[in-house]
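A look at the structure
Chain residues, written in single-letter form:
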2 protein chains.
Amino acid sequence: MLRCLLPISFVFSISVATAQQHDQDSVQLRKLADEVLTHSTAYANLKILTKEIGGRLAGSPEMYKAEQWGVKALQAAGADTVYLQECMVPHWVRGDKEEVRIISKRRDFVPPLQVTALGNSVGSDPAGITAPVLEVSSFDDLEAKKDEVKGKIVFYNYHFNPRFIKTFHAYGDAFMYRADGASRAAKYGALAVIVRSMSHAADNFPHTGAMRYNDSFPKVPAVAIGLEDADLLSDRIRDDKDMKLYLHTSCRFLPDTIGHNVIAELRGSEHPDEIITVGGHLDSWDVNEGAHDDGAGCVQSIEVLRAFKALGIRPKRTLRVVLFANEENGTRGAKKYADAARAAGEHHLFALESDAGGFTPRGFTLTMSPAQRAKVESWKNLFLPYGLYDFSEVGGGVDVGMLNEALGTPMGELSPDSQRYFDVHHAASDVFEAVNKRELELGAFSMAALIYMIDRYGL
Amino acid sequence: MLRCLLPISFVFSISVATAQQHDQDSVQLRKLADEVLTHSTAYANLKILTKEIGGRLAGSPEMYKAEQWGVKALQAAGADTVYLQECMVPHWVRGDKEEVRIISKRRDFVPPLQVTALGNSVGSDPAGITAPVLEVSSFDDLEAKKDEVKGKIVFYNYHFNPRFIKTFHAYGDAFMYRADGASRAAKYGALAVIVRSMSHAADNFPHTGAMRYNDSFPKVPAVAIGLEDADLLSDRIRDDKDMKLYLHTSCRFLPDTIGHNVIAELRGSEHPDEIITVGGHLDSWDVNEGAHDDGAGCVQSIEVLRAFKALGIRPKRTLRVVLFANEENGTRGAKKYADAARAAGEHHLFALESDAGGFTPRGFTLTMSPAQRAKVESWKNLFLPYGLYDFSEVGGGVDVGMLNEALGTPMGELSPDSQRYFDVHHAASDVFEAVNKRELELGAFSMAALIYMIDRYGL
């Protein structure tokens, strides 16, 4: 019996110790939540970034303003050091012309469609393109109609699927039409493509976003249209067989230019050479204020540092806040950060990103070993009072993904409620007013809480 | 060994059977979700209720229009029967005068404060009230200053507490100032009260809502002001000792009038005499469109019936949709429903309410026996793919609460994400545009899913 009891007693004493530790952690997390919910500067910072600077695509004057703002905001938050990490960034500009019009013999007036060129797209001929339009519902449909494509503008009318509960799954499902639609159609002789926006929004905003060319085929212009116009265009195509479209865009690449990651550190007290990264991306599309995407992630990352500092929490590991350059159309900032980390032989314990919107958090996606994941999940009861219950999905973010790729660094991404994200994603509606103060703050707290636990207990 | 194995095998066969059942349930829930997310009429119904009818306080012409709309909407959803259940309702009217102005010898111009009379409040003297103002931070503070109250207007500047993660807890904490503030101050001779709105909103909308008088003390007028004006008023009180306020309201009660619960049924196939109620309240405050409060709950309840009908799900028990009259300032509809149920000896299995906003659902509050709660919680894995994880709190809704009180009926309420609810609650900002289509639909699906399971397995 004694031999049987000893291990039980041993287990008991461990679990009491763990319980006591977790009581302390619970108190610390509560302090972090109180601090963020009462004294956060995230919302005020977001207002400056969105309203005073605005859209900040790589290479734009606003990108430089945002970098300078980032340095000051991180200094004000209490960072030990703040510095810029230089990298070359692409410099795509929209130009002054974006027009798609229906050319019809019918006498009813149809105003020009609301369009936005897709990021990285070439522009049209200076005189624009006038051509018949071929609607396809999917790539399968395109293949079935490939003999009809030549000399036409292809309209991808693939619907964002409402059946996915998490809207990011609908995005994953539809993304390829925006990304690859132009080259897939150019392969069969298309002159340009129009893509139905990836959104559930009950409005007509077109949603831009990066596309990419397959160098095997001609580069043709690509634009997005909003949902109402997509339905209208589809109706017109069905009803008016002689209809043509006039498409005119003037977007183009200028030479690459210099951009910067903005980096700040709170130096670790026990293991300063072990680095925990937390970040969002500083660039945004040019058509909006980049509020949810990804002003929110930037100000939340800054808030993590501010809250630690304000509460006198000196991390054991070095906490590094990174405002990444050029996530939207090149990921050059993240590549630079990962390359530099590898070149310097840095030890990265964990990297956390916020780039899924400033909505009420529900958990985190995680990419790490099963043992590491189990460790994080063992903290679930500490997170649950804050509405964080979902640790089920594998994931990270695009930016910390580069670090994961380069060094195998375990990574994660904040998982906010996703229902409204694609209403505003890459559209003119992604503005400061679309962000709720408390939702933003709860996200910042959640990030601080996860980082607090990983800093304290390792991975 | 055999005696030992038998029970294990027995348990195994039960769990296989349960697993198979739950596979079927999982398929049915998926069908319900698909149906609601692709064919819901909830959002379109909400648009009619909010935009074509608008605010619909008990006794108002809009209340009658809403009742007629409810009948038609439930018929269109496919109900077996739809009927009106008559009840007397209070008839409080705001009148045409709501004004609070700062009277000061200082020369700077301060526009009138944005105010709204609290529901059920008496109006001021026809000429208005001019009096000094006493700011108190809480009832404790009022007690400490009770000798200073006489002849003054008391300003309750109690702050909505941002530390509560679920905003309903902040509401529970602050509610008493709106509800009881007038009589508590009148006890010491106050002439009127002004209440800081119960909201986290970053705006200046005043939030109305029901108050109640203690008949032992004089009835004095009560109004709410928005957060910006509350801060402004507090600053002025501190800086300008001679300041007075002019307060003028013309709200009053007219004689009680006739209203109706709107009730629809899908008759049960196996136990038609067992009733499952699902509902929201049809009335709203007069200052807004009653979109989240509680147009959302009404159209979600209608959607539950529509989705069942559209999928050919005939419930075993009778599903009864109730659009309750007069939740906001009297609860007369719910009282009538509960009284009638008791008088008729009806058997109510469960009652579900949606009256916490049309936001993304996170779970349900439940009031039932521990065994019943355990049964619901045993279905958690079926709900989790839809973001429903939180069954932890005791609760129901105000309307189904009456049934629970009268008959002990187990009850629940949809728990949506609460972060934005009190931004718009009882304020002019609670309009159709504040409701997101998918968030509303996910709530409707969640209600349908819980009712499907309780109908199928009982409680």
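Only a predicted model underlies this, so the values are computations on that prediction, with no experimental measurement involved.

1. Points about the interface of chain A and chain B
If you look at the interface, chain A gives 28 residues, while chain B gives 28 residues. For the pair chain A and chain B, the number of links is two salt bridges. Notably, a salt bridge pairs E439 of chain A with R420 of chain B, separated by 2.9 Å at the nearest N-O pair. Along the contact surface separating chain A from chain B lie 22 residue pairs in polar contact (both at pLDDT 80 or more). Every element with two or more residues in the side of chain A that touches chain B is listed here: α1 (2-39), β13 (361-367) and α13 (437-457) of chain A. If one sorts the elements of the side of chain A that touches chain B by residue count, α1 of chain A sits on top with four residues. Looking at side-chain class alone, the side of chain A that touches chain B contains 12 nonpolar, seven polar and nine charged residues.

2. A few points about the sheet that holds strand β9 (residues 252-266) of chain A
The strands making up a sheet associate through hydrogen bonds between their backbones, and the pairing can be parallel or antiparallel. Residues and elements named next belong to chain A. The seven strands are arranged β1-β9-β11-β10-β12-β14-β13 in an open sheet whose pairing can be described as mixed. The open sheet has two edge strands with one neighbour each: β1 (81-93) and β13. Adjacent strand axes in the sheet meet at a mean angle of 20 degrees, parallel and antiparallel pairs treated alike. Pairing of strand β12 (residues 347-353) with strand β14 (residues 411-416), which is carried by three bridges, proceeds in the parallel orientation. Directly across from L352, in β14, lies its bridge partner G412. Where helix α11 (residues 398-407) meets the sheet, it contacts β10 (271-281), β11 (317-324), β12, β13 and β14, and its direction lies at approximately 155 degrees from that of β12.

3. Quick look at the UniProt feature "domain: Peptidase M28" (unreviewed entry) in chain A
Using the residue numbers shown here, the UniProt feature "domain: Peptidase M28" (unreviewed entry) corresponds to residues 261-441 of chain A. Span residues 261-441 of chain A is 35% helix and 25% strand, its end C-alpha atoms 23 Å apart.

4. Some words on the sheet that holds strand β1 (residues 81-93) of chain B
All names here are of chain B. Pairing is mixed in the open sheet, where seven strands are placed in the order β1-β9-β11-β10-β12-β14-β13. With partners counted over all chains shown, the strands left at the sheet margins are β1 and β13 (361-367), one partner each. Ignoring which end each strand starts from, the neighbouring axes of this sheet average 20 degrees apart. Of the strands in this sheet, β10 (271-281), β11 (317-324), β12 (347-353), β13 and β14 (411-416) are in contact with helix α13 (residues 437-457), which crosses β13 at around 40 degrees.

5. A word on the packing of helix α2 (residues 42-53) of chain A against helix α3 (residues 61-77) of chain A
Residues and elements named next belong to chain A. It is the contact of α2 with α3, at a shortest axis distance of 11 Å, that shows an interaxial angle of 160 degrees. Judged by the inter-axis angle, α2 sits roughly antiparallel to α3. Judged by the twist between their axes, the crossing of α2 over α3 is right-handed. Contact residues: α2 offers N45, I48, L49 and I53, while α3 offers E62, K65, A66, W69 and A73. In terms of residue class, the contact of α2 with α3 is built from six nonpolar, one polar and two charged.

6. Brief notes about the relation of the copies chain A and chain B
Here chain A sits on chain B after a turn of 180 degrees about the axis and a move of 0.0 Å along it, with an RMSD of 0.0 Å. Overall, the copies show the geometry of a two-fold rotation axis. Residue Y389 of chain A, judged by its C-alpha, is the member of chain A lying nearest the rotation axis, at 3.8 Å. Here 100% of the interface residues in chain A have copies in chain B that are interface residues too; the copies meet face to matching face.

7. Points about the side chain of S40 of chain A
Residues and elements named next belong to chain A. Here S40 is to be found in the loop between α1 and α2. Here S40 falls in the buried class, since its relative accessible area comes to 15%. Side-chain polar atoms of S40 contact the side chain of E303, separated by 3.4 Å. In this structure S40 touches E35, E303, R306 and E441, once residues within four positions along its chain are discounted.

8. Digging into the domain arrangement of chain A
All names here are of chain A. Along its sequence, chain A is carved into domain 1 (32-89 + 255-457) and domain 2 (95-250). Averaged C-alpha coordinates put domain 1 and domain 2 at centres separated by 33 Å. Contacts between domain 1 and domain 2 engage 19 residues on the former and 22 residues on the latter. Regarding the contact of domain 1 and domain 2, the summed buried area is about 1,500 Å², with carbon and sulfur atoms giving 56% of it. Put simply, domain 1 and domain 2 have two salt bridges between them. Note that D390 and K166 form a salt bridge whose closest N and O atoms lie 2.7 Å from each other. Taken together, the links from domain 1 to domain 2 amount to 10 residue pairs in polar contact (both at pLDDT 80 or more). Residues that form the side of domain 1 that touches domain 2 fall into these classes: eight nonpolar, seven polar and four charged.

9. Let's talk about the side chain of E439 of chain A
Tracing the backbone through its elements, the reader meets E439 of chain A in helix α13. Overall, the relative accessible area of 1% leaves E439 of chain A in the buried class. Of note is the side chain of E439 of chain A, whose polar atom sits 2.7 Å from the side chain of R420 of chain A. Filtering out sequence-adjacent residues up to four positions away, E439 of chain A remains in contact with G358, F359, T360, P361 and R420 of chain A together with D417, Q419 and R420 of chain B.

10. Some thoughts on the packing of aromatic side chains
In this structure the tally under the stated criterion is 37 aromatic pairs over all chains. Between the aromatic rings of F359 of chain B and Y421 of chain B, the centroid separation amounts to 6.3 Å while the plane-to-plane angle is 90 degrees, which identifies the pairing as edge-to-face. Of this pair, F359 of chain B sits in the loop between β12 and β13 while Y421 of chain B is found in helix α12 (residues 421-424), placing the two residues 62 residues apart along the sequence. The cationic tip of R184 of chain A hangs over the ring face of F139 of chain A; the distance from NZ or CZ to the ring centre is 3.9 Å.

About the cut-offs
Residues numbered from 1 in each chain as written. Chains lettered and ligands numbered in written order. Predicted model: local features only at pLDDT ≥ 70, side-chain atom pairs only at ≥ 80, totals over all residues. Heavy atoms only, no water. Contact = heavy atoms within 4.5 Å. Salt bridge = Lys/Arg side-chain N within 4 Å of Asp/Glu carboxyl O. Polar contact = N/O pair within 3.5 Å; in protein donor to acceptor, adjacent residues only side chain to side chain. Helix = DSSP H or I, 4+ residues; strand = E, 2+ residues; numbered from the N terminus. Nonpolar A, V, L, I, M, F, W, Y, C, P; charged D, E, K, R; others polar. Pairing = 2+ DSSP bridges. Axes fitted to C-alpha atoms, helices over the stretch in contact; angles between N-to-C directions. UniProt positions renumbered as here; feature names shortened; annotations may be inferred. Parallel < 35°, antiparallel > 145°, perpendicular 65-115°, else oblique. Left-handed = near helix turned anticlockwise from the far one by under 90°. Least-squares fit on C-alpha atoms with pLDDT ≥ 70 in both. Buried < 20%, exposed > 50% of the residue type's maximum accessible area, 1.4 Å probe, protein only. Domains from an automatic or database assignment. Buried area = accessible area lost by both parts, 1.4 Å probe. Phe/Tyr/Trp six-rings, centres within 6.5 Å; stacked < 30°, edge-to-face > 60°. Lys NZ or Arg CZ within 6 Å of the ring centre and 35° of its normal.

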